[in-house]
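Listed below are the residues making up each chain.
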Amino acid sequence: QVQLVESGGGLVQAGGSLRLSCEASGIIFSIHYMAWYRQALGKQRELVAVIGRAGSTNYTDSVKGRFTISRDNAKNTVYLQMNSLKPEDSAVYYCNAKRYVLARVVGDYWGKGTLVTVSS
């Protein structure tokens, strides 16, 4: 049974920092692309950051220079370090794991989310 369990969310003032963690079980973590998505109230879920199997990263423009995604394959864990937080970063943050074979998604797993609230 695949499980992705997020932690680290909470309430922080604007300009502050949080570190989200997502621990995976039931999958071969190292062969999955790992990503963080977020969904603000009344908005669609959006991709925040993704990290490839070899550690390549990509970010949505609004978080570049402020957020850092990383992974520890030995711990089956992906992290999202969030600095200089803004009220518009407030959202439920979801961890996602995807496995590709020949460019086709053959596994797509989600955590239940962790709430981040940034006060102004």
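Residues numbered from 1 in each chain as written. Predicted model: local features only at pLDDT ≥ 70, side-chain atom pairs only at ≥ 80, totals over all residues. Heavy atoms only, no water.

**Student:** Account for the overall build of the chain, with residues named and values stated.
**Tutor:** Secondary structure assignment for the chain yields zero helices and 11 strands. When the helices and strands of the chain are placed in sequence order, the string is β-β-β-β-β-β-β-β-β-β-β. Its C-alpha atoms give the chain a radius of gyration of 14 Å, within 12% of the compact-globule value 14 Å for 120 residues. Among the 120 residues that make up the chain, the fraction classed as buried is 38%. Taking the intrachain contacts of the chain between residues at least 6 apart in sequence as the baseline, contacts between residues at least 24 apart amount to 55%. (Helix = DSSP H or I, 4+ residues; strand = E, 2+ residues; numbered from the N terminus. Rg over C-alpha atoms; globule rule 2.2 N^0.38 Å. Buried < 20%, exposed > 50% of the residue type's maximum accessible area, 1.4 Å probe, protein only. Contact = heavy atoms within 4.5 Å.)

**Student:** Residues and numbers for a nonpolar patch on the surface, please.
**Tutor:** Taken together, the side chains of Tyr-33, Tyr-100 and Val-105 define a hydrophobic patch exposed on the protein surface, amounting to about 230 Å² of accessible area. Position of Val-105 among the secondary structure elements: in strand S10 (residues 104-110). (Patch = residues over 30% accessible without salt bridge, like charges linked within 9 Å, V, L, I, M, F, W, Y side chains within 5 Å. Areas by Shrake-Rupley, 256 points an atom, 1.4 Å probe, with all protein chains shown as cover. Salt bridge = Lys/Arg side-chain N within 4 Å of Asp/Glu carboxyl O.)

**Student:** Talk me through the sheet that holds strand S1 (residues 3-7); I want residue IDs and the actual numbers.
**Tutor:** Taken together, four strands build an open sheet; the order of strands is S1-S3-S8-S7 and the sheet is antiparallel. Looking at which strands have only one partner, the edges of the open sheet turn out to be S1 and strand S7 (67-72). On average, each strand axis in the sheet is inclined to that of its neighbour by 15 degrees, with strand direction left out of account. Where S7 meets strand S8 (residues 77-82), six bridges bridge the pair, whose relative direction is antiparallel. Following the sheet pairing, Asp-72 is matched in S8 by Thr-77. (Pairing = 2+ DSSP bridges. Axes fitted to C-alpha atoms, helices over the stretch in contact; angles between N-to-C directions.)

**Student:** How would you sum up the state of the cysteines? Please name residues and give values.
**Tutor:** Taken as a whole and assessed by the stated rule, the structure comprises one disulfide. Two residues, Cys-22 and Cys-95, share a disulfide whose sulfurs are 2.1 Å apart. Between Cys-22 and Cys-95 the sulfur-sulfur dihedral comes to about -80 degrees; the bridge is accordingly left-handed. In this pair, Cys-22 is assigned in strand S3 (residues 18-25) and Cys-95 in strand S9 (residues 91-101), connecting sequence segments 73 residues apart. Take Cys-22: its relative accessible area is 0%, and that puts it in the buried class. (Disulfide = S-S within 2.5 Å.)

**Student:** Outline the nonpolar core, supporting the account with residue identities and numerical values.
**Tutor:** Core analysis: the largest hydrophobic core is formed by 27 residues, its most contacted members being Trp-36, Val-78, Leu-80, Met-82 and Tyr-93. Of all the secondary structure elements, the ones that give two or more residues to this core are S3, strand S4 (33-39), strand S5 (46-51), S7, S8, S9 and strand S11 (114-119). (Core = buried A, V, L, I, M, F, W, Y, C linked by side-chain atoms within 4.5 Å.)

**Student:** Could you give an account of unusual backbone geometry, with specific residues and numbers?
**Tutor:** Here Ser-84, not a glycine, exhibits a phi torsion of approximately 50 degrees, which is positive. Mapping Ser-84 onto the fold places it in the loop between S8 and S9. You can call Ser-84 partly exposed: its relative accessible area is 41%. With phi around 50 degrees, Leu-102 is a residue other than glycine that occupies positive phi space. Within the secondary structure layout, Leu-102 lies in the loop between S9 and S10.

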